[in-house]
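One letter stands for each residue in the lines below.
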Amino acid sequence: MSKMMIENEINPTVVFPSIKKKSKVRHFFKQLSKSKTGLAGFIIIIFLLVLGVAGSWIAPFDPLKASFGDKLLPPMTKGHLLGTDQLGRDILSRIIAGTKISLIIGITTVFLSGLIGSIIGIISGYFRGWIDVILMRIVDVQLSFPFILLVLVVNAVLGAGLKNIIISLVIGGWVMFARVVRSEVLALREKEFILSCVATGVPRWEIIVKHILPNLFTPIIVLSSLQVASFIIAEASVSFLGFGVQPPQPAWGNMLNEGKDYIFNSWWLITFPGLAIVITTLGVNLFGDWLRDELDPEMKGES
Amino acid sequence: MHKKMLLPFLMLLVIFTTACTAGTAGDEESKSSGGKSSKKNNVVIGIEADAATLLANTDVNYITDVQIRNIYDPLIKRNPETGGFEPALATEWKNIDEYTWEITLRKDVKFQNGDPFNAEAVKFNIDYILDKKNNSTYLSRWADIKEVKVIADDKVQIITSKPFPTMIARIADDLLIMDPGNVKKLGLEEAAKNPVGTGPYKVKEWVRDDHLTLIANDDYWKGKPSIKEATFRYIPEFSSRLSAFLSGEIDLFKNIPVDSLDNVKNNENSKVESIGSSRVNYLALNTLHKGPLQNQKVRQAINYAVDVDELLKTVLNGNGTKMTGPLSKINADYVETKDYGYNPDKAKELLKEAGYDPKDLKLTLDTPNGRYPMDSQVAQAIAAQLKRIGIDVKVQVNEWGNHLTKIQQRKAGDMFILGWGPTFDAQSTIQNLFMKDAPYSGFYDSEVEKAIQKAIPIFNQDKRKQAFGEIQQLLVDQAAWVPLWQQADLYAVNKNLDFKPKVDESMQVFDMGWK
Amino acid sequence: MVEFIIKRTIQMIVVIFLALTAVFFLLRLSGDPATLFLPPDAPKDQIAQYREMLGFDRPLYVQYGDFLLKAIQGDFGESLRSHEDALSVVLGRVPATFQLAFAALGLSILIAIPIGILSAYKRNTFYDRIGVGLTVLGQAIPSFWLGLLLIFFFAAVFHLLPSGGGGTIYHMILPTITLAAYSVARFARFTRSTMLDVLKKDYIRTAKASGVPMMRVLFKYALKNSLIPIITLVALDLGVLLGGAVITEVVFSWPGVGRLLMQSLLNRDFPIVLAGVFFIAVVYSIINFIADIAYAYVNPQIRVK
């Protein structure tokens, strides 16, 4: 941690040296190609993004179309590569459609909780005083619960649906960002270059935006890469338990919920959506690991 | 810190905890040995949840009722096939006038602790329900009772404040007889865990949220039970129940999802028993929600557009009995009505007459998930059927608590799926589902409301049946519902267990036996 | 140090108090238990009477005050379903959850640490790659899916183990494995990286150079010094374990606090949910507290915060 701080003093913009933009991108890909796992993760993520955006054109069947005569067909029958579910809907198409939802959830929740958490963390860390005390008590309250339980309770109150599960996850997730950002800000504000800004009368907002914010970039990205996977799994878990995203909207979590009663005769209902979750999480984690190693070699090896 | 000690300590901890579990409750359960006939003396029944209490007459809840009906007897019971009334602890019953019922009790019956069963006991149990302090959820059903008189040791009179035509149904479905002496001695809280009834089984052990074990009452007035011990095991997840059944850990459970029937049938140690239940499932066409369905023609059109036969065949695999009106065929007040049938062209025609183009219609359908057989799947199938004539239906799947709250607060959509039962008479269905103030009603029409209010107090059985028959026809004309079906109760039974399903859904171990 | 403990204890109490408040109001917003506990044919006046009996007709702040007063004395009311004392019901389920959590913890430590050590020692060889691969995979698999797969293979296909419920040691095997999986991955990775750091240290090289046998170097020196950070992680993860227990208990119908909480949430059995929340908040706070102390012990700089 400390070594990174020293680096920041010398060079406030962390990741890429301030040379032309084109070589930043080239640098990124050059580094990426050196790591087999990072590259694999990146490819998976790109693949998912493509599915999410273009899914409705790629999918062989309509994910919402029920066909009662064709229910519970095993994989590789009648053109259904992964089989059909209990209403005769094509599972592959539903998994592809579910990609969009998982991506939306993963990206939105990380973005929103990152945003909210960071703002609160900055306010708390920079201005201190009673507002810091109050905000941190709230953080402690939330942290006195297992994350999944918190998301469940909030979701039970709000009701089912995509919007509400995002809200529930953000409510559960902002605390991590707030805490990390706050501790970074606490450390930063004691640094010489900040103190000298204060001494020379630079307005507070300028200090925050121009000097503190850029140094938060790395820890926020690091934390985000850790959290995306948690959010995706949390949403799947909540949907699996019967809350969250409801059928007929295809989401991997509720597909697993609907499929769990069919373990005994139609194993494909739970196998493939589960695999989708695993591959997604794997991709995100692999890429995230590489990203973390790139941004701070000192942190290599931490989970 | 003695770091060297940590690893061995942790290993000991693991061993310790696992050893502890081996001693937890339920050791007498057969370990998954795919066991066979060493079970001639006991039966294990898998059930979704724990009983709320072991006191009778307190909690209106099927799960509680099915278990305690082995400990207590009713005065009157229902015939397992027809649902008609038969003697149990009562031998005769009649009404002396519109306000008085007289019941003759069986002689020489004793409670499991030796106390005599008599009229005082009956009075005690009915007074228990009526006493507000006991918070019995049966109270509203018995509210019209003014007092219970003990006429003789074996005769009791029930006096009502208003004519109470469905008294006998209430006695058969709700009333079980607890021993007053036991309740008075232990107090309600203890008696709730240590019940005493006249029934064929006594409580041996009750581990909450795990299992209830009963042992035979050899002095039972009907004779010695053939199965010595019975256990109800609580397994909330269906797949766990199925797995426990297939491996022989449990011998019987109710409610096999229709798509898993083959798993049970194909297993060499099991069989499926089924019976048409008195519970009905239906699609309510919600006139309490502002929208196109407030128009009778639109409701009739929906009836023409939904193919119930197809739903029954493809979603439920044929497990269910189609209904054409609000009452099922086994309902005592059932009157034959004709359903609309499947006619999508007629549907489109009616919609046009009502001034709607089906392609412009956007409706909402609320459904629970897993409460009734294939409920959310049926909802989605209905949406697909309506789409065939162009209507766009948004299916909203609700968690059960939310679903009920929505209906109660009149916030449900244009249509909703619900079930009702057990129900053997017209009043309990019609009064609760088609009147303005009934909490779960989705229908109101002033003419129908008046007719129902007139029919409820009619005492003469024939006149009553006629009045409710007319109401049924009215409801079909008004297209208040798309009636779906009578549920099929599907039981997974061990091949060697002699078990016949009953129409009142009770599981009486006394009537079971091992081959 | 004592001051630190006192400060944290007060914080803990404040936090628990706020948590209960939040959940209290959240629950009241989530719906009406009357609909779920009364029979469907209950008329409106019975519903009103029931609400009155539960005290739900009083203004919210009155209900809240009453709740707080009783909660301080350990009285969370009675379960709306079974009328038993709510806190007792929750406490009664605690042993089952703890059994599962500790068994899973023990299992993950037993498996993870050797894997981590082996990986670190044989860095970048075949063994390491397998080890790292497994850990990465382990962190990507959702626990409930793993649970379902295990049920599928061991219960449905091979009929080897029961698929749910509590009772015998056989019932405990699958849920423990499911719960432990994620932790194994995390611990193994962390052990590996900590060991790697330690192995680079001078005193290890000295030991090797002076001819100490490799095994001894590994266990006596390297492992000993890796243990502190590992233990810290374990303490932190105990909380994650408890959270994961909720899902595992539901998938396997394991009769613990997690399953109780889920059912009570679905049933709107408010007293049980509140008692459960209270219990979990207390346990979680204590765990965090211990973890913080351990962490502070390791990193004296943090204490100043």
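Residues numbered from 1 in each chain as written. Chains lettered and ligands numbered in written order. Predicted model: local features only at pLDDT ≥ 70, side-chain atom pairs only at ≥ 80, totals over all residues. Heavy atoms only, no water.

Threshold: UniProt positions are given in the numbering used here, feature names are shortened, and annotations may be inferred rather than shown by experiment.
As recorded by an unreviewed UniProt entry, chain C carries the name ABC transporter permease and is attributed to Heyndrickxia camelliae. What the UniProt record of chain C gives under Sequence similarities (unreviewed entry) is the line "Belongs to the binding-protein-dependent transport system permease family." Under the heading Subcellular location (unreviewed entry), UniProt records this for chain C: "Cell membrane".

Considerations on the domain arrangement of chain C
All names here are of chain C. Basically, it comes down to this: Each domain's extent is set by a domain assignment, obtained either automatically or from a database. Any two residues whose heavy atoms approach within 4.5 Å at even a single point are treated as in contact. Accessible surface is computed with a 1.4 Å probe, and the buried area is the amount of it that two parts give up when combined, taken over both parts together. What counts as a salt bridge is simple: a side-chain nitrogen of Lys or Arg found within 4 Å of a carboxyl oxygen of Asp or Glu.
Its domain assignment divides chain C into domain 1 (1-86) and domain 2 (89-298). Taken over C-alpha atoms, the centre of domain 1 sits 33 Å from the centre of domain 2. Each side of the interface is counted separately: domain 1 has 29 residues, and domain 2 has 23 residues. Both faces combined, the contact of domain 1 with domain 2 buries some 2,200 Å², and carbon together with sulfur accounts for 77% of it. Interface area lost by domain 1 to domain 2 is led by Leu27, Phe76 and Ala86, which between them contribute 23%. Connecting domain 1 to domain 2 are zero salt bridges.

Here's the deal with the nonpolar core
For soluble globular proteins, the rule of thumb is that nonpolar side chains tend to be buried together. All names here are of chain B. Note the cut-off: Residues grouped as a nonpolar core are buried Ala, Val, Leu, Ile, Met, Phe, Trp, Tyr and Cys residues, joined through side-chain atoms within 4.5 Å. Burial here depends on accessible area, computed with a 1.4 Å probe over protein chains only, as a share of the maximum for the residue type. Under 20% is buried, over 50% is exposed, and the range in between is partly exposed.
Of all hydrophobic cores here, the largest spans 194 residues; its most connected members are Ile302 and Met415. Discounting residues that sit within four places of it in the chain, Met415 has contacts with Leu283, Ala284, Leu285, Asn286, Leu293, Ile302, Leu363, Thr364, Leu365, Asp366, Leu386 and Val393. Ranked by size, the runner-up nonpolar core spans 70 residues in total, among them Ala56, Ile68, Leu105 and Trp206.

Overview of the interface of chain B and chain A
What counts here: N or O atoms within 3.5 Å of each other form a polar contact, as long as, within protein, one can give a hydrogen and the other can take it, and as long as residues adjacent in sequence are counted only when both atoms are side-chain atoms. The classification used treats Ala, Val, Leu, Ile, Met, Phe, Trp, Tyr, Cys and Pro as nonpolar, Asp, Glu, Lys and Arg as charged, and all other residues, Gly among them, as polar.
Opposite the 24 residues of chain B that make contact, chain A presents 17 residues. Where chain B abuts chain A, roughly 1,900 Å² becomes buried across the two surfaces, and 54% of that area is made up of carbon and sulfur atoms. Together, Asp259(B), Gln377(B) and Gln380(B) form the three largest contributors to the area buried by chain B at its contact with chain A, with a combined 27%. When the shortest N-O distance is used, the salt bridge between Asp259(B) and Lys71(A) registers 3.2 Å. Counting across the interface, chain B meets chain A through eight residue pairs in polar contact (both at pLDDT 80 or more). Class assignment for the residues of the side of chain B that touches chain A results in nine nonpolar, 10 polar and five charged.

Structural notes on helix α14 (residues 426-433) of chain B
Residue and element names in this part refer to chain B. The line we're drawing: Starting at the N terminus, helices and strands are each numbered in turn, a helix being any DSSP run of H or I of at least four residues and a strand any DSSP run of E of at least two.
Judged by how many residues are buried, α14 sits mostly within the fold: seven of eight residues are covered. The set of residues buried in α14 consists of Ala426, Gln427, Ser428, Thr429, Ile430, Asn432 and Leu433. Turning to α14, the residues buried within the fold contact β12 (270-285), β16 (415-420), α15 (446-455), α16 (461-478) and β17 (481-494).

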